[in-house]
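Topology and contacts: notes
Below, each chain spelled out in residue letters.
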Amino acid sequence: MNVAGYGHILSNTASLRDAKVAVLGSSPISLLAAHIWSLFGAHVTVYEKNENFGGAWSKFEQEGSQYPISTHIIMPNELPAAILELFGAKARFWNMLPVEFDVNTQKSSCFPSKLSSEYSGLPFDYTSRSGGLAQDLLSSLSDQEVGFRYEKVDLVAELDDFIKITNSRGETSIYDYIFVTPAIQSSFEIKGKIVDIKYDSHINKSVVYEYESGGCFGSAFHHIKGNTPVREVQTFDASTGRLAIVVKLSRLGTFEDHEWIRETLQKVLGMALKKSALKTLGAVTYRNTRMNLQSQYNLGSHAARIVLPTIVSADEARHNDDHRYRFSQDISLVLNDIAFYKSLLFR
């Protein structure tokens, strides 16, 4: 990487060189943080409590092929797109740009409905394939001197000059800094005081299908409006040569709504789906748990060595700002926010 002309950045990031840092979790945003810290000379250790990497972006295997457990989309602007490419993320063009589909009117519109500085109109698809963003970032991270520990962290304690983490076996490790996302479920302590952390939680359900007619639709993403069991649909050509269809259910949907889901898919995709050709590969239930906005403020505003991807102000926490809360959960918005990169580098 050519760093000529960036002396002011290098001087401000000198504290990272040879620093010991930890990253909790293996979601794409966590792995990107690990890449950035490693690039600037830190010694990085990634902790993951589950067998599968990727968090909500993890995969399951069926008949030798990999499939995502849910729908995903990111819309990075030019800077994060270049950073993702630098760290090994593979992108291709969407076969069809993401759309929002209203089942009541059966009309489609651009998704998100209003592209702005927060989102990108770049037609790059990082997710609709058997691999995936987390897997790309993990693969390129494995080529670097980065440590991986498959263990649960019970306590993160920040003291004046270091971070002490304690795993589920009571073993401790010392670091200079630590990166955590709002999804991390650990206890936090700052200078001997427990930080009050509360979580919002809801259940996500997804169904993954294969359809025998592959190669005719390709990669696409649909956000669904209306009275429907389906909230999102993502398609891509699977390695088997068939069309993979990933369906995220709405609150109305259940795994037993086979015919209602198929009828909705036919409307969304604009194609008839023969029952005999639509094969269910998996039905996945997972709990989406995130720190509420007040808890993100409680942790981020008092910590000097614990780094979160989003900075929450006292006013936003006090008013439970809905936009800021959604911002903290939206990987596209975090990636497109220069404050995310500053929080990692200017320690």
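Quick look at the structure, then.

Cut-offs applied
- Residues numbered from 1 in each chain as written.
- Predicted model: local features only at pLDDT ≥ 70, side-chain atom pairs only at ≥ 80, totals over all residues.
- Heavy atoms only, no water.
- Helix = DSSP H or I, 4+ residues; strand = E, 2+ residues; numbered from the N terminus.
- Expected span 1.5 Å × (residues − 1).
- Contact = heavy atoms within 4.5 Å.
- 1 Å grid on protein atoms, 1.4 Å probe; cavity = no way out; pocket = protein on both sides within 12 Å on 5 of 7 lines; lining within 4 Å.
- Points joined across faces, edges and corners; volume = space filled by probe spheres on them.
- Nonpolar A, V, L, I, M, F, W, Y, C, P; charged D, E, K, R; others polar.
- Pairing = 2+ DSSP bridges.
- Salt bridge = Lys/Arg side-chain N within 4 Å of Asp/Glu carboxyl O.
- Buried < 20%, exposed > 50% of the residue type's maximum accessible area, 1.4 Å probe, protein only.

Quick look at helix α5 (residues 258-269) now. Its 12 residues give α5 an end-to-end C-alpha distance of 16 Å, which sits within 8% of 16 Å, the value for a rise of 1.5 Å per residue. Elements in contact with the buried residues of α5: β6 (99-102), β16 (199-211), β17 (220-225), β18 (230-237), β19 (243-249) and β20 (278-291). Of the residues flanking the end of α5, it is G270, one or two places downstream, whose phi is positive at about 70°.

Time to look at empty space enclosed by the protein. One pass over the full model with this rule turns up two cavities of 30 Å³ or more. Empty space within the largest cavity amounts to approximately 60 Å³. Lining the largest cavity are W57, K59, P68, H72, T127, G131, G132, L133 and Q135. Looking at side-chain class alone, the lining of the largest cavity contains three nonpolar, five polar and one charged residues. If you add up the space inside the second largest cavity, you get close to 30 Å³. If you go around the second largest cavity, the residues you meet are Q62, E63, S65, Y67, E210, T240, K279 and L281. Residue assignment for the lining of the second largest cavity shows that the elements contributing at least two residues are β4 (65-68) and β20. Across the lining of the second largest cavity, the residue classes tally to two nonpolar, three polar and three charged.

What follows is about the sheet that holds strand β9 (residues 147-149). Each strand in a sheet pairs with its neighbour through backbone hydrogen bonds, running either in the same direction (parallel) or in the opposite one (antiparallel). Strand order in this open sheet of five strands is β9-β2-β1-β13-β21, and the pairing throughout is parallel. Only two strands of the sheet have a single partner each, and these edge strands are β9 and β21 (306-307). By the bridge criterion, two bridges tie strand β13 (residues 177-179) to β21 in an arrangement that is parallel. When the sheet's bridge partners are listed, F179 is paired in β21 with V307.

Here we take up the pattern of salt bridges. One pass over the structure, following the stated rule, counts 15 salt bridges. With its nearest N and O atoms 2.6 Å apart, the salt bridge here joins E259 to R262. Taken together, the residues E259 and R262, both in helix α5 and three residues apart, mark about one turn of the helix. Taking the relative accessible area as the measure of exposure, R262 reaches 14% and is therefore buried. Among the ionic pairs, E259 bridges to K275, the shortest N-O distance being 3.6 Å. Of this pair, E259 sits in helix α5 while K275 sits in the loop between α5 and β20, and the two are 16 residues apart along the sequence. You can call E259 partly exposed: its relative accessible area is 30%. Its relative accessible area of 58% is what places K275 among the exposed residues. In the salt-bridge network here, residues are joined through shared partners; they are R149, E151, R169 and E171.

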